[in-house]
Amino acid sequence: MSKPKSNLKPKSNNMKTIIVALTLCLVCSVLVAAAAVGLKPAQVENAKLDRNKNILVAAGMFNPDTDTNEDVAERFKDFNVEIVDLNKGNYLDDDALKAVGIADRNTYDASQATKNKALSDDLGANDPASIGRKPKYAKVYVKNDDAGKPEIIVLPIQGYGLWGTIYGFLTLEGDMNTIKGISFYEHKETPGLGARIEEPKWRAMWTGIHSYDENGAVATGVATSGSKENWVDGISGATLTSRGVSNMIQFWLGEQGYKPYLDSLRKESGQTIESTDKQASQKLIQQETHPVTELASIAPAAHGKEA
C-alpha cells in the first residue's frame, strides 16, 4: 500500500540569501574602505609630485624626457611657498594666516578656497576668465637668488576654456615682467585641438615675451597668427580655447590678479619695467599699419563648439 503524499512545501531560503548578501556587501565595503584609507597617502603624494613637476616645467627646470621624480624633489627645495593677499599684494606671515583662517600655507588650496565665502570674492559680471569666484589669497612659489632677491616667480592660473576650467602655472623671471614659461596640468579641451595647449612647441612660444608695457598695462595674450608683437599665436581650429587662455592670462596678470603683488615685489627689489625705443616703435607701427582684432575680449569666453 502506497504512502499518502505530503502537502508540506520546502522551507523558504529567502532569509538565508538575504543574510549571505548582506554579509558579502559588508565584507566588500570594509575592503574598499580599507583600500581607500591605505591608498590615500600615496594618492596625496602623487598629487603633490604632479603639482611640483608642473611648477618646475613652467620654470624651465624639468625635462619629462630625461629627468626623474627624484630630480623633482631635489629641485623643488629651492622654492619658497608663500601666500599672497591678492588685493593688497603682500605676503601673509603665520600669524596673518591664522587670522584669516588658513591653517597651513603648504596645504592651502586656492581652488577650494573659492567655495568658501570668507576666503573668496564673487566676481559678478567682471569675470573675463569665467571663474565665478576669486580667492582672496593665492599660493605662489618663489625661487630667490644668492642675494635673496626673487629669481623665479611661479603663479598658479585658471580660467574657462571650451569645455571646462583650465588650470596651469605661469612663471616670470626676476624682473617680474619677462615670462619664463607656462604649463597646463588639468583641462577638458578637445584632443588634437584645444588640448594642444599642453604641447611643448606651443608653450615655448611664451618664453621671453613681456607681461607689461612701459605703462604697466598687461601687454600679452593670444592673438591670431602673427598679428601682434609680444602676443602668442592662437592654435589653429581652437579659437575658443585660445581665447580662454588669453582671457585667463590677462586676468591673472591684471589688477584683479597678481599685478598688485608683482608691483609690490618689483618695488621692494628695486626693479622697474624697462621700456625701449624698439618696443615703442613696434607698437606705433602696429597701430598705424595693421590694427588687429584680438582673440581676447573683456567678455568671458563662449562655452560652445570649437571653431
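This is a predicted model, so every value here is computed, not measured.

> Would you mind going over the sheet that holds strand β4 (residues 137-144) with me for this structure?
Adjacent strands of a sheet pair through backbone hydrogen bonds, lying either parallel or antiparallel. The sheet built from 5 strands is open, its strands ordered β1-β4-β5-β6-β7 with antiparallel pairing. Edge positions in the open sheet fall to β1 (79-85) and β7 (179-186), since each of these has one partner strand only. Sheet twist, expressed as the average angle between the axes of neighbouring strands with direction ignored, equals 25 degrees. The pairing of β1 with β4 spans 7 bridges and is antiparallel. Looking at the pairing, V81 lines up with Y141 of β4. Relative to strand β5 (residues 150-160), helix α7 (residues 259-268) is tilted by about 175 degrees, and along the sheet it contacts β1, β4, β5 and β6 (165-173).

> How should a nonpolar patch on the surface be read in this particular structure?
Together, M15, I18, I19 and L22 give the surface a local cluster of nonpolar side chains, amounting to about 430 Å² of exposed area. Position of I18 among the secondary structure elements: in helix α1 (residues 14-58).

> Any chance you could explain the side chain of S183 here in plain terms?
Its place among the elements puts S183 in strand β7. Residue S183 is classed as buried on the basis of its relative accessible area, which comes to 1%. Reaching out from S183, the side chain makes a polar contact with the backbone oxygen of N54 at a distance of 3.0 Å. With residues near it in sequence (within four places) discarded, S183 still touches N54, V57, A58, Y167, G168, F169 and R203.

> What is the right way to read the packing of aromatic side chains from this model?
Here the distance between the centres and the angle between the planes together describe a pair of aromatic rings. The final tally for this structure, using the stated rule, is 9 aromatic pairs. Residues W202 and W206 carry aromatic rings whose centres are separated by 5.8 Å and whose planes lie at 80 degrees to one another, so their mutual orientation is edge-to-face. The two residues W202 and W206 agree in class, both being buried. Within the aromatic cluster, the residues linked to one another by ring pairs are F76, F79, Y141, Y167, F169 and Y185. When the ring centre of Y212 is taken as reference, the NZ or CZ atom of K259 above it lies at 5.9 Å.

Here is what the cut-offs are and how they apply
Residue indices begin from 1 for each chain and proceed along its sequence in written order. In view of the model being predicted, local features appear only for residues whose pLDDT reaches at least 70, and side-chain atom pairs are presented and counted only at 80 or more, with totals across whole chains, interfaces and linings using the full set of residues. Just so you know, side-chain values use all the structure's heavy atoms and leave hydrogens and water out. Pairs of strands are assigned from DSSP output, requiring at least two bridges between the strands. Each helix is a run of DSSP H or I of at least 4 residues and each strand a run of E of at least 2, with the numbering of both proceeding from the N terminus. Helix axes are fitted to C-alpha atoms over the stretch in contact, other axes to C-alpha atoms as well, and angles between N-to-C directions run from 0 to 180 degrees. Should any heavy atoms of two residues lie within 4.5 Å, those residues are counted as being in contact. Each patch is assembled from residues with relative accessible area greater than 30% and no salt bridge, linking like charges that lie within 9 Å and nonpolar side chains (Val, Leu, Ile, Met, Phe, Trp, Tyr) that lie within 5 Å. Using a 1.4 Å probe, the Shrake-Rupley method yields the accessible areas, and only the shown protein chains count as cover for residues. We count a salt bridge whenever a side-chain nitrogen from Lys or Arg sits within 4 Å of a carboxyl oxygen from Asp or Glu. Think of it in three bands: residues with accessible area under 20% of the maximum for their type are buried, residues over 50% are exposed, and the middle band is partly exposed, with areas taken using a 1.4 Å probe on protein chains only. Contacts described as polar in this section are N or O atom pairs within 3.5 Å, which, within protein, must combine one atom able to donate a hydrogen with one able to accept it, while residues neighboring in sequence count only if both atoms come from side chains. Planes of paired rings set the category: under 30 degrees apart is stacked, over 60 is edge-to-face and the rest tilted, where pairs are Phe, Tyr or Trp rings (Trp by its six-membered ring) whose centres lie within 6.5 Å. Cation placement over rings: the criterion is NZ of Lys or CZ of Arg within 6 Å of the ring centroid and within 35° of the ring normal.

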